[in-house]
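This is what each chain is made of:
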Amino acid sequence: MKVGFIGGGNMAEAMIGGMLKQGFAAMDIRVSEPNAERRTLLTGRFGIKVEERPAETLAVDVLVLAVKPQILREVLTSLPKPDATTCVLSIAAGVRAGDIARWLNHHRAVVRAMPNTPALVGAGIAGLYALPDVSEEQKARAEAVLKAVGAAVWVADEAQIDAVTAISGSGPAYVFLFIEALEDAGRALGLAPDTARALALQTVYGAAALAIQDGTEPAVLRARVTSKGGTTERGIAALEEHGVRAAVTAAARAAADRARELGDILGAE
Ligand SMILES: NC(=O)c1ccc[n+]([C@@H]2O[C@H](COP(=O)([O-])OP(=O)(O)OC[C@H]3O[C@@H](n4cnc5c(N)ncnc54)[C@H](OP(=O)(O)O)[C@@H]3O)[C@@H](O)[C@H]2O)c1
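Cut-offs applied
- Counting from 1, residues in each chain are numbered in the order their sequence is written.
- Restriction of local features to residues with pLDDT of at least 70 applies here, the model being predicted, together with a cutoff of 80 or more for giving and counting side-chain atom pairs; totals for whole chains, interfaces and linings are based on all residues.
- Hydrogens and waters are ignored; side-chain quantities use all the structure's heavy atoms.
- Definition of nearness: a residue and a molecule or strand are near each other if at least one heavy atom of the residue lies within 4 Å of the molecule or strand.
- In protein, a polar contact requires one atom able to donate a hydrogen and another able to accept it; more generally it is a pair of N or O atoms within 3.5 Å, and residues adjacent in sequence count only if both atoms are side-chain atoms.
- Here the open area of atoms and residues is found with the Shrake-Rupley method and a 1.4 Å probe, where only the protein chains shown may cover a residue.
- Only protein atoms enter the 1 Å grid, on which a cavity is a set of points fitting a 1.4 Å probe that cannot get out and a pocket is an open set with protein on both sides within 12 Å along at least 5 of 7 lines, lining residues being those with an atom within 4 Å of a point.
- If over half the atoms of a molecule are within 2 Å of the grid points of a cavity or pocket, the molecule is regarded as sitting in it.
- Here a helix means four or more residues in a row that DSSP labels H or I, a strand means two or more in a row labelled E, and each is numbered from the N terminus.
- Side-chain classes are defined by residue name, with Ala, Val, Leu, Ile, Met, Phe, Trp, Tyr, Cys and Pro counting as nonpolar, Asp, Glu, Lys and Arg as charged, and the others, Gly among them, as polar.
- A patch consists of residues whose relative accessible area exceeds 30% and which take part in no salt bridge; residues with like charges are grouped when within 9 Å of each other, and nonpolar side chains (Val, Leu, Ile, Met, Phe, Trp, Tyr) when within 5 Å.
- Here, a salt bridge means any Lys or Arg side-chain nitrogen found within 4 Å of an Asp or Glu carboxyl oxygen.
- Grid points are joined across faces, edges and corners, and a volume is the space filled by probe spheres set on the points.
- Where each domain begins and ends is defined by an automated method or by a domain database.

**Brief notes about the site of the ligand**
By nearness alone, 23 residues border the ligand, and Met 11, Glu 33, Val 67, Ile 91 and Thr 117 come closest of all. Within the backbone of Gly 7, one N or O atom sits 3.4 Å away from a nitrogen atom of the ligand. Here an oxygen atom of the ligand sits 3.4 Å away from a polar atom, N or O, in the side chain of Asn 35. Protein chains bury 74% of the 890 Å² of accessible surface belonging to the ligand in isolation. Assessed atom by atom at 2 Å from the grid points, the ligand resides in the second largest pocket. Elements with a minimum of two residues in the shell around the ligand: α1 (10–21) and α3 (69–77). Class assignment of the residues belonging to the shell around the ligand gives a composition of 13 nonpolar, eight polar and two charged.

Here it is, written out as structure tokens:
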């Protein structure tokens with residue numbers, strides 16, 4: 001399977017690194033990137049073909065759109081219509097699949113994905129949506145590219161991509177905020193800054209790893225560490241009293257609303 005990237009920035013670099021680790025051949029990956037420094041870096045690091053303007057990059061099975069959302073329309077309207085068999089996979093936040101199809105001369109094989117920053121360390125999760133004309137084979141190819149940097153889940157309705165954006169797209173920032181708060185609390189309780197940070201980071205990482213590997217409901221795992229009359233019970237009660245659940249719900253609603261607004265703005269022309 002040949003894969004081309006329009007845009008060789010951070011996300012493209014992470015995905016290419018993951019793909020090579022998963023056994024994709026370097027000769028099957030091409031990138032189009034106007035920035036000379038980025039071209040040198042990508043060629044040197046991965047031994048792949050990187051061109052200044054898209055030519056060979058377009059003759060692929062999966063064409064990944066990895067430029068900033070604000071310039072996507074301009075970039076796509078200057079491209080020739082892709083081959084009907086080419087699956088276009090957009091990772092540009094907020095831009096709707098129908099707008100991408102329209103900007104590509106009504107090329108209908110478009111998959112829209114919302115990845116997240118843990119993809120940079122191979123631990124991402126992406127939500128994917130395909131326009132109705134995308135074949136099962138094209139969907140499988142798009143999924144294989146994204147799975148090089150983490151997990152992938154499909155949604156049947158594009159509006160749900162706004163929910164994916166609110167949960168896993170923006171979610172790492174919510175978790176970083178929680179880590180900051182846990183670390184600050186550790187310092188307030190008299191721990192050295194390094195110690196407070198190490199405890200906060202490893203606790204969040206370890207709890208997520210346990211929940212994933214064990215597969216038990218998070219509420220059950222929580223109950224297991226919450227013995228009657230113990231320290232965790234007091235701590236959880238304080239979190240509930242301070243409205244943590246309501247705060248998280250409000251954060252997700254606000255982010256989803258903004259995702260919808262951005263989709264309207266970016267697809268306006
Ligand atoms: N980072 C994330 O975690 C994340 C998560 C979800 C979605 N995304 C999406 O992923 C996309 C890429 O993000 P990123 O963080 O990788 O951005 P980035 O590092 O800025 O990468 C974009 C690259 O595209 C290049 N470029 C500009 N114009 C181009 C053109 N006409 N043809 C080809 N390449 C061109 C840019 O070069 P210059 O720097 O010279 O302009 C830059 O190297 C964005 O749409 C973003 O919404 C990212």
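Past the structure itself, the notes keep going.
**Considering a nonpolar patch on the surface**
A contiguous nonpolar surface patch, about 230 Å² in accessible area, is contributed by Leu 239, Val 244 and Val 248. Following the sequence through the fold, Val 248 ends up in helix α11 (residues 244–266).

**Section: empty space enclosed by the protein**
Take a probe with the size of a water molecule and roll it over the atoms, and the empty space left behind shows itself. Counted under the stated rule, the structure contains one cavity of 30 Å³ or more. Lining the largest cavity we find Pro 115, Asn 116, Ala 119, Gly 124, Ile 125, Ala 126, Leu 146, Val 149, Gly 150 and Ala 151. Only β7 (124–130) and β8 (150–154) provide two or more residues apiece to the lining of the largest cavity. No other element matches the three residues that β7 contributes to the lining of the largest cavity. Taken together, the residues of the lining of the largest cavity sort by class into seven nonpolar, three polar and no charged.

**Remarks on the layout of surface pockets**
Of the pockets and cavities examined, the largest pocket occupies roughly 2600 Å³. Of all the secondary structure elements, the ones that give two or more residues to the lining of the largest pocket are β7, α6 (160–169), α7 (171–188), α8 (193–214), α9 (218–224), α10 (231–241) and α11. The element that contributes the greatest number of residues to the lining of the largest pocket is α8, accounting for 11 residues. If you count residues domain by domain, the lining of the largest pocket takes at least three from each of domain 1 (3–161) and domain 2 (171–260). There is about 790 Å³ of room inside the second largest pocket.

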